[in-house]
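# Geometric and topological summary
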Amino acid sequence: VQQIFQDTFQVGKWFPYLFATMALFIGAASLLNSRIVMRFGMQKIVTLAMGYSLMVSLVYLVVCLLADDPGLIGFMAWGAFSFFGLGLCFGNINALAMESLGHIAGLGAAVVGFFSSSIAILIGIPLGRAYDGSQLPLITGFTVMGMIGLSLVLWAGRDSTVHHKN
């Protein structure tokens, strides 16, 4: 993201402020999540949020492919909406991953953190290296990873609805 802000849009010293503006949407999503999680459940929120994030990236990918340059405002809007969806996922996914590890919560948190960081690095490095001066590699990466993520969420939750109804 920093490459896009600095090189593509040449925002200079405004980068931290612009990125923080987008990151505020993660905070807003976390606040919303705290109000709705007991009503709707973590699994449902994660599934809807992953689908929402995928759709936001897919729509913006189409915009990027059709328009020569959606510009900084388009990128900021995509980032804000994407971050909002991801903000609904973060705490819930970690809690769902830890759900069955209560008796070894400390070890479980370490393992979940290790694997999530390792996967992020393995995906992030090639995505960063694919930067070509445009938004396209990042948006494509978010779209493809969104498809994979939503598929994994649906696969992982396929039996949980049966168990939670009993």
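Here we summarise the structure given alongside this text. (Residues numbered from 1 in each chain as written. Predicted model: local features only at pLDDT ≥ 70, side-chain atom pairs only at ≥ 80, totals over all residues. Heavy atoms only, no water.)

### Regarding the overall build of the chain
Applicable threshold: We count a stretch as a helix when DSSP gives it H or I for four or more residues in a row; a strand needs E for two or more, and each element gets its number in order from the N terminus. For every residue, the accessible area obtained with a 1.4 Å probe (protein chains only) is divided by the maximum for its type, and the residue is called buried under 20%, exposed over 50%, and partly exposed between those limits. Whether two residues are in contact is decided by their heavy atoms: any pair within 4.5 Å suffices. Note on areas: Shrake-Rupley, 1.4 Å probe, and residue coverage restricted to the protein chains presented here. Charge counting treats Lys and Arg as positive and Asp and Glu as negative, with His and both chain ends excluded. By convention, the point assigned to a charge is CZ for Arg, NZ for Lys, CD for Glu and CG for Asp.
Counting its regular elements, the chain contains 7 helices and 0 strands. Going residue by residue from the N terminus, the α and β elements of the chain occur as α-α-α-α-α-α-α. Structurally, the chain occupies a C-alpha span of about 55 × 30 × 25 Å along its principal axes. Evaluated residue by residue, the chain yields a buried proportion of 31% over its 166 residues. By sequence separation, contacts in the chain at least 24 residues apart represent 76% of the contacts at least 6 residues apart. By element, 71% of the accessible surface of the chain is carried by carbon and sulfur atoms, the whole surface being about 10,300 Å². Side-chain charges of the chain comprise 7 positive and 6 negative groups, with the mean position of each set lying 16 Å from the other.

### Here's the deal with the side chain of Gln135
For Gln135, the position within the fold is in the loop between α5 (105-129) and α6 (136-156). Every residue in contact with Gln135, bar those within four places of it in the chain, is listed here: Ile4, Phe9, Tyr60, Cys64, Asp69, Pro70, Gly71 and Phe75.

### Overview of the nonpolar core
Most often, soluble globular proteins have nonpolar side chains that are buried together. What counts here: Each nonpolar core is a collection of buried residues, namely Ala, Val, Leu, Ile, Met, Phe, Trp, Tyr and Cys, held together in the definition by side-chain atoms within 4.5 Å.
Ile4, Phe5, Val11, Tyr60, Phe75, Trp78 and Ile139 are the most contacted members of the largest nonpolar core, which totals 18 residues. If we skip the residues at most four places from it in the chain, Trp78 touches Val56, Ser57, Tyr60, Leu138, Ile139 and Phe142.

### Concerning the packing of aromatic side chains
The condition is simple: Between 30 and 60 degrees the pair is tilted, below 30 it is stacked and above 60 it is edge-to-face, where a pair is any two Phe, Tyr or Trp rings, Trp via its six-membered ring, whose centres lie within 6.5 Å.
By the definition in use, this model includes 11 aromatic pairs. Grouped by ring-pair contacts, the aromatic residues Phe5, Phe9, Phe15, Phe19, Tyr60, Phe75, Trp78, Phe83 and Phe142 constitute a single cluster.

### Describing the packing of helix α4 (residues 71-98) against α5
This is how it is decided: Axis definition: a line fit to C-alpha positions, over the contact stretch in the case of helices; interaxial angles, taken between N-to-C directions, run 0 to 180 degrees. Roughly parallel means an angle under 35 degrees; roughly antiparallel, over 145; roughly perpendicular, 65 to 115; everything else is oblique. Two helices crossing with the near one rotated counterclockwise from the far one by less than a right angle form a left-handed crossing, whereas a clockwise rotation gives a right-handed crossing. Each residue is assigned to one of three groups, with Ala, Val, Leu, Ile, Met, Phe, Trp, Tyr, Cys and Pro labelled nonpolar, Asp, Glu, Lys and Arg labelled charged, and all others, Gly among them, labelled polar.
Orientation of α4 relative to α5, taken along the N-to-C sense of each, is 130 degrees, at an axis distance of 10 Å. In terms of axis orientation, α4 runs oblique to α5. Crossing of α4 over α5 shows right-handed handedness. Mapping the contact onto sequence places Asn94, Ala97 and Met98 in α4 and Ala105, Gly108, Ala109 and Val112 in α5. Residue composition of the contact of α4 with α5, by class: 5 nonpolar, 2 polar and no charged.

### Here we look at the environment of Phe84
Of note, Phe84 is situated in helix α4. Sequence-wise, Phe84 and Gly27 are 57 residues apart; in three dimensions their C-alpha atoms are separated by 7.9 Å. Setting aside residues up to four positions removed in sequence, Phe84 forms contacts with Phe25, Ala28, Ala29, Leu32 and Tyr52.

### Description of the packing of helix α3 (residues 42-66) against α6
Where α3 contacts α6, the axes come no closer than 9 Å and their chain directions differ by 150 degrees. Relative to α6, the element α3 is oriented roughly antiparallel. For the crossing formed where α3 meets α6, the hand is left-handed. Residues Gln43, Val46, Thr47, Met50, Gly51, Leu54, Ser57, Leu58, Tyr60, Leu61, Cys64 and Leu65 of α3 form the contact with α6, whose participating residues are Leu136, Ile139, Thr140, Phe142, Thr143, Gly146, Met147, Gly149, Leu150, Val153 and Leu154.

### Describing the environment of Ser100
If you trace the backbone, Ser100 turns up in the loop between α4 and α5. In the structure, Ser100 is positioned 83 residues away from Tyr17 in sequence and 39 Å away in space, judged by C-alpha atoms.

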